[in-house]
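Given next are the chains, with one letter for each unit.
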Amino acid sequence: MNKLYVGNLSPSVTVEDLQQLFGERKLPVAEQVLLKSGYAFVDFPDQNWAVKAIETLSGKVELHGKVIEVDYSVPKKLRSRKIQIRNIPPHLQWEDFDGLLAQYGTVENVEQVNTDTETAVVNVTYATKEEAKEAIEKLTGQQCEDYSLKVSYIMDSEAAPPAQAPRGRRGGGGGGGGGGRLWRDQGPPQPGPSGGFDGPRPRQQHDFPLRMLVPTQFVGAIIGKEGLTIKNVTKQTQSKVDIHRKENAGAAEKPITIHSSPEGCSSACRMILDIMQKEANETKTTEDIPLKILAHNSLVGRLIGKEGRNLKKIEEETGTKITISSLQDLTIYNPERTITVKGNLEACCKAEAEIMKKLREAYENDIAAINQQANLIPGLNLNALGIFSSGLPVGPPAASGPRGSAPPVAPAGYNPFLSHSSHLSGLYGVPPASAGPHQHSAPEQEVVYLFIPTQAVGALIGKKGQHIKQLAHFAGASIKIAPAESPDVTERMVIITGTPEAQFKAQGRIFGKLKEENFFTAKEEVKLETHIKVPSSAAGRVIGKGGKTVNELQNLTSAEVIVPRDQTPDENDEVFVKISGHFFASQTAQRKIREIIQQVKQQEQKHQRGAAGSPQQSKTAPAVATQ
């Protein structure tokens, strides 16, 4: 149940008055109303109705001369990490919304609440109650594209005294409800080797669910009388099957989520397709029922393959016709693309197995890459980056880490629009390599020259420049594409200006965009060349005696670092350092080189102060030290 608090009531208000008000507003007439002096508690059947009651009544309805207030009733001891955000603009961009959430802490879970309101409603779980509190304080009333955000605490059962049972699935707060589509979810804990649940690991290995779309008219047949049909499916296939009946009220199709092993998912899919086909035959529907699979956009590019080769191969081997919905259909409500498979039952089942195999491989590669790269930047807390958004559960690989340690912790979510490189944004702060006693409170603006394939320029700019504008806004950076030096150049230079955090976010998004748009193959790591300028006095330090420093830098970061020796310093007495490698390698190299630059500057400043001798002399001390 979803208990609501109704406040600012006149002393003359009765239970009957409240029940009548609910009836007039076409809300469920609550049987249980606990009326106190000046306030009341009311139970609603599910979260959808609770949201509607809050949106319909709070601050909008006068009862016995007083405007009433309505919100979730959450005891203080259960006001912890979970909040609900309402009145979200329906067309808000994913990166903008995730970036907004990430400003206040580590976001572990985001679940969309299915309502019939024009605006979006989400439940958000932060890593700590302090972060949730700050988010409520800062987001309440914040204007977002002319919409004023509304934020409430919702029930956090994990804030209650701990039970002996292992922690379960982190779903939406506030009780049962409309089968919301998850953007970010940790999934249920998985059994360990001994059959019980492993020790204190914060996240366990998770299954990769099969998501299907089925025509609404077949949902009843799939469930069966008193749920017997779907119970039989789950029992025979050892699967957990969720039919999201309340999702998208009035829609022609409903999503189904199947949690099981790959074989279990395929078996359940076959049974559901068979049920629908039999129902169609009985209702004299002659056409074959297509299989529709939902998949997150970041995985779809690798399913398609370069020039569509993977998809063509599946079609040829299974005798099916496969189409994928347009990128234009992706919105804040719909983070998934629809893969439609047409063919007979046997052909569709074969195609499902191959499609899910490719999607699982892409997913597992991304998670492995994230975990593998987590240690490249010392001190980088992947969980604090906060802009992960997906219904896919993200967790570490099943195998233990080195020497039997717990596996590295994967990020709390997975961005449906970008590959793993571009996940790393949000609360990066001043990069760890530059941390130390000389760290500035306001990070300097840095300029980075990133080279991308010429054919990728259009994808980076986007229609009418929308993508590059959104990217610049999200990262907080200036992003410009330099004019081509000649018509036949194979690479174009992207000039990025911003703080270290902005650089990390902008570059990560660009690496991810190139992967997403298939400018690199599924098994190919995105490797780009980056140039940064260093003072000519620091170039020798970057190289080191006999090339020792640059060699160590390359070994540490896995990036190729070159300091061309034939350069003439520019008007600012600076020269270029060239860095080539994948995103994490490039970022680590950039940070290490910036650290060397900072050390050289500090030594020069110290030398200047020592040479100045006195306050009088310091006024005429040379601006540039020699070294």
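Thresholds, definitions, all that
- Residues numbered from 1 in each chain as written.
- Predicted model: local features only at pLDDT ≥ 70, side-chain atom pairs only at ≥ 80, totals over all residues.
- Heavy atoms only, no water.
- Phe/Tyr/Trp six-rings, centres within 6.5 Å; stacked < 30°, edge-to-face > 60°.
- Helix = DSSP H or I, 4+ residues; strand = E, 2+ residues; numbered from the N terminus.
- Buried < 20%, exposed > 50% of the residue type's maximum accessible area, 1.4 Å probe, protein only.
- Lys NZ or Arg CZ within 6 Å of the ring centre and 35° of its normal.
- Core = buried A, V, L, I, M, F, W, Y, C linked by side-chain atoms within 4.5 Å.
- Contact = heavy atoms within 4.5 Å.
- Salt bridge = Lys/Arg side-chain N within 4 Å of Asp/Glu carboxyl O.
- pLDDT = per-residue confidence, 0-100.
- Pairing = 2+ DSSP bridges.
- Axes fitted to C-alpha atoms, helices over the stretch in contact; angles between N-to-C directions.
- Left-handed = near helix turned anticlockwise from the far one by under 90°.
- Nonpolar A, V, L, I, M, F, W, Y, C, P; charged D, E, K, R; others polar.
- Expected span 1.5 Å × (residues − 1).
- Disulfide = S-S within 2.5 Å.

### Some thoughts on the packing of aromatic side chains
Thought 1: In total, this model carries eight aromatic pairs according to the counting rule given.
Thought 2: Their ring planes at 50° and their centres at 5.0 Å tell us that Phe208 and Tyr363 sit as a pair that is tilted. Of the two residues, Phe208 sits in the loop between β13 (182-184) and β14 (210-215) while Tyr363 sits in helix α10 (residues 345-373), which places them 155 residues apart along the sequence. The exposure classification of Phe208 matches that of Tyr363, with both residues buried.
Thought 3: Put simply, the rings of Tyr5, Tyr39 and Phe41 pair up and form one aromatic cluster.
Thought 4: A cation over an aromatic ring shows up here: Lys505 above the ring of Phe474, its NZ or CZ 4.9 Å from the ring centre.
Thought 5: Against the face of Phe474 rests Arg509, its NZ or CZ located 4.2 Å from the ring centre.

### With respect to the nonpolar core
Thought 1: In terms of nonpolar packing, the biggest core is built from 49 residues, with Ile83 and Ile85 touching the most fellow members.
Thought 2: The contacts of Ile85, once residues within four sequence positions are left out, are Leu101, Ala120, Val121, Val122, Val124, Leu139, Leu149, Lys150 and Val151.
Thought 3: Among the nonpolar cores identified, the runner-up in size contains 43 residues, and Ile222, Ile243, Ala268 and Val300 belong to it.

### Focus: the pattern of salt bridges
Thought 1: One pass over the full model with this rule turns up 13 salt bridges.
Thought 2: Linking Arg270 and Glu346 is a salt bridge whose minimum nitrogen-to-oxygen distance equals 3.1 Å. Placement of Arg270 in helix α7 (residues 262-282) and of Glu346 in helix α10 is noted, with a sequence separation of 76 residues between them.
Thought 3: Among the residues examined, Glu346 registers a relative accessible area of 39% and is labelled partly exposed.
Thought 4: Glu446 is the partner of Arg591 in a salt bridge, and the nearest nitrogen-oxygen pair spans 2.7 Å. On the criterion of sequence distance, the pair formed by Arg591 in helix α16 (residues 583-612) and Glu446 in strand β20 (residues 446-453) is long-range, its members being 145 residues apart.

### What about the confidence of the model for the protein chain?
Thought 1: Of all residues in the protein chain, 73% have pLDDT values of 70 or greater, and the mean over the chain is 76.
Thought 2: The model gives residues 372-441 a pLDDT under 50, and that stretch makes 210 contacts with residues more than four places away or in other chains.

### What about the sheet that holds strand β3 (residues 40-44)?
Thought 1: Here four strands make up an open sheet; going across it, the order is β2-β3-β1-β6 and the pairing antiparallel. If you trace the sheet from one side to the other, it starts and ends with β2 (33-35) and β6 (69-72), each paired once. Ignoring which end each strand starts from, the neighbouring axes of this sheet average 20° apart.
Thought 2: Sheet topology note: the strand β1 (residues 2-7)/β3 ladder contains five bridges and is antiparallel.

### A closer look at the environment of Gly512
Thought 1: Along the chain, Gly512 turns up in helix α13 (residues 500-516).
Thought 2: Exposure remark for Gly512: the relative accessible area of 0% places this residue in the buried category.
Thought 3: Considered as a pair, Gly512 and Phe583 are 71 residues apart in the sequence and their alpha carbons are 9.0 Å apart.

### Quick notes on the packing of helix α12 (residues 466-475) against α13
Thought 1: Contact pair α12 / α13: the axes reach a minimum separation of 8 Å and the direction vectors enclose 145°. Between α12 and α13 lies a crossing of right-handed hand. On α13, the residues that touch His467, Leu471, Phe474 and Ala475 of α12 are Ala502, Lys505, Ala506, Arg509, Ile510 and Lys513.
Thought 2: Class assignment for the residues of the contact of α12 with α13 results in six nonpolar, one polar and three charged.

### Looking at the side chain of Ser73
Thought 1: Mapped onto the elements, Ser73 comes out in the loop between β6 and β7 (82-88).
Thought 2: A relative accessible area of 14% places Ser73 in the buried class.
Thought 3: For Ser73, the contacting residues outside a window of four places in its chain are Lys3, Leu4, Tyr5, Phe41 and Met155.

### Digging into α13
Thought 1: The terminal C-alpha atoms of α13 lie 24 Å apart, and with 17 residues this matches the ideal 24 Å at 1.5 Å per residue to within 8%.
Thought 2: In terms of residue burial, α13 counts as a mostly covered element, since 16 of its 17 residues are buried.
Thought 3: Following α13 by one or two positions, Asn518 has its phi on the positive side, about 65°.

### A word on the state of the cysteines
Thought 1: This structure, assessed with the given rule, holds zero disulfides.
Thought 2: Here Cys349 is not cross-linked by a disulfide; its sulfur's nearest cysteine counterpart is in Cys269, at 5.5 Å.
Thought 3: Note on Cys349: relative accessible area 8%, which makes it buried.

### Side note on the sheet that holds β20
Thought 1: Here six strands make up an open sheet; going across it, the order is β21-β22-β20-β23-β25-β24 and the pairing antiparallel. Edge positions in the open sheet fall to β21 (478-481) and β24 (560-562), since each of these has one partner strand only. Across the sheet, the axes of successive neighbouring strands diverge by a mean angle of 20°, strand direction being ignored.
Thought 2: Taken together, the three bridges between β24 and strand β25 (residues 574-581) define a ladder with antiparallel strand orientation. Considered in β25, the bridge of Val561 is made with Ile579.

### Observations regarding the pairing of strand β23 (residues 528-535)
The side chains of a regular strand alternate, residue by residue, between the two faces of the sheet.
Thought 1: Among the eight residues in β23, six count as buried, and that is most of the element.
Thought 2: Across three bridges, the pairing between β20 and β23 is antiparallel. Bridge pairing in β23 links Tyr449 to His531.
Thought 3: Here β23 pairs with β25 via eight bridges, running antiparallel. For Val534, the partnering residue across the bridge sits in β25 and is Val575.

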